[in-house]
Amino acid sequence: VHWAGVRFSDFAEKYYSGGLASLPPYVYLTTPDDLYYVGWDTPSILHPQTLLVYEMNGAPVSVLHGAPLRLRCENEVGFKMVKWIASI
C-alpha cells in the first residue's frame, strides 16, 4: 500500500501556535464519536514516518480505511494508527 499525506511534524510546525519546541509531552487524537482515542509521546509522533494520510494508492482514502484523515506510522504498532481523526 502506498500512503500519501503530510508529515505530522510539518502539520504541527505550521498549525501549533507555539511551534514544535513547545509541544506538550503527549499528543491526543480522537475519533468523531469519541469512542476511540490514542495518546502518542511527542518524540514518536514527530518521527518523519508519522503521516496524516489522505490518500491510499493514489486515490482519496476510503471511509473503510479511515477517510477523510487517518494517522500512519510504519514504525509503530497498528492500534496507534487512529482512523477518522476528529481532533488532535
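Structure shown above.
Definitions and limits used
Residues numbered from 1 in each chain as written. Predicted model: local features only at pLDDT ≥ 70, side-chain atom pairs only at ≥ 80, totals over all residues. Heavy atoms only, no water. Helix = DSSP H or I, 4+ residues; strand = E, 2+ residues; numbered from the N terminus. Rg over C-alpha atoms; globule rule 2.2 N^0.38 Å. Buried < 20%, exposed > 50% of the residue type's maximum accessible area, 1.4 Å probe, protein only. Contact = heavy atoms within 4.5 Å. Areas by Shrake-Rupley, 256 points an atom, 1.4 Å probe, with all protein chains shown as cover. Lys, Arg positive; Asp, Glu negative; His and termini not counted. Charge placed at Lys NZ, Arg CZ, Asp CG, Glu CD.

S.K.: Could you give an account of the overall build of the protein chain, with specific residues and numbers?
M.R.: Across its full length, the protein chain carries 2 helices and 6 strands. Computed over C-alpha atoms, the radius of gyration of the protein chain comes to 12 Å, within 12% of the 12 Å expected from 2.2 N^0.38 for 88 residues, which places it in the range of a compact globule. C-alpha atoms of the protein chain, sized along the principal axes, occupy 35 × 25 × 25 Å. Residues classed as buried in the protein chain amount to 35% of the 88 residues present. Sequence separation of at least 24 residues holds for 49% of the intrachain contacts in the protein chain that already meet a minimum separation of 6. When the accessible surface of the protein chain is split by element, carbon and sulfur atoms take 60% of a total near 5,400 Å². If you average the places of the 6 positive and of the 8 negative side-chain charges in the protein chain, the two averages end up 4 Å apart.

S.K.: Kindly report on the environment of P68, identifying the contributing residues and their values.
M.R.: Its location among the elements puts P68 in the loop between β5 (59-60) and β6 (70-73). Residue classification places P68 among the exposed residues on the basis of a relative accessible area of 63%. With 15 residues separating them in the primary sequence, P68 and K83 have C-alpha atoms 8.7 Å apart. Here P68 is in contact with V53 and Y54, once residues within four sequence places are set aside.

S.K.: Please set out unusual backbone geometry residue by residue, giving values where relevant.
M.R.: A cis amide bond links A67 to the next residue, P68, at an omega of 5 degrees. One non-glycine residue, D34, adopts positive backbone phi at about 60 degrees. Among the secondary structure elements, D34 is positioned in the loop between β2 (26-30) and β3 (37-41). If you check the backbone angles, W84 has positive phi at about 55 degrees while not being a glycine. In this fold, W84 is placed in the segment after β6. Judged by its relative accessible area of 34%, W84 is partly exposed.

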